[in-house]
Amino acid sequence: MKQIHLRGSWLIRAPKEKIYQIISDFENMPKYFPGVAKSIEIIEKQGNQQKMTAKVKSFGRVFETKMQTELLPNIGFKSNNKSSLGTSGHEEFLMEDAMGDTKINYTYDIEIHRLILQIIGTPLIKWFAMWYWKRAFIDKLKKMVEI
């Protein structure tokens, strides 16, 4: 099994509370971020714990993902995800105050289970994933919330 560690940090000129309203609204992610999500359905919710099924977009493909997510009010979320693509991973979207702005710290530790995807996909995932995440998610988020 091959592991990939993706990391990124960005500064957004908006309060954490405003950002949290959007990033915790998973059912509307396809509307907010159509380049990342085609559909998300919450199938179980208990307090800040959610189980979801999603159709997500990556590398020009749509694939199913099961998510077990913990919402961290006004801080972000943590999620354990398993995809039909042959990957699983732990994702964290965490926010901190940064002199009136908000610093986003994003990590995604991915495990690739399929050998062919390990061979072909690893270099692509390392190079492309964070570049695409910034463009399809972070840049759109900035346009929605920055003052």
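Everything that follows concerns the structure shown earlier in this document.
Residues numbered from 1 in each chain as written. Predicted model: local features only at pLDDT ≥ 70, side-chain atom pairs only at ≥ 80, totals over all residues. Heavy atoms only, no water.

Draft legend 1. Examining the pattern of salt bridges more closely. One pass over the structure, following the stated rule, counts four salt bridges. Lysine 16 is the partner of aspartate 97 in a salt bridge, and the nearest nitrogen-oxygen pair spans 3.8 Å. On the criterion of sequence distance, the pair formed by aspartate 97 in strand β6 (residues 87–98) and lysine 16 in helix α1 (residues 16–23) is long-range, its members being 81 residues apart. On the basis of relative accessible area, aspartate 97 is assigned to the exposed category, the value being 57%. On the basis of relative accessible area, lysine 16 is assigned to the buried category, the value being 16%. The partner of aspartate 139 in a salt bridge is lysine 134, with the nearest N and O atoms 2.7 Å apart. (Salt bridge = Lys/Arg side-chain N within 4 Å of Asp/Glu carboxyl O. Helix = DSSP H or I, 4+ residues; strand = E, 2+ residues; numbered from the N terminus. Buried < 20%, exposed > 50% of the residue type's maximum accessible area, 1.4 Å probe, protein only.)

Draft legend 2. The environment of serine 88, seen in detail. Note on placement: serine 88 falls in strand β6. When its relative accessible area of 14% is taken as the criterion, serine 88 is described as buried. Sequence-wise, serine 88 and glutamate 111 are 23 residues apart; in three dimensions their C-alpha atoms are separated by 5.3 Å. Leave out the neighbours within four places in its chain, and serine 88 touches Asn81, Lys82, Asp109, Ile110, Glu111 and His113. (Contact = heavy atoms within 4.5 Å.)

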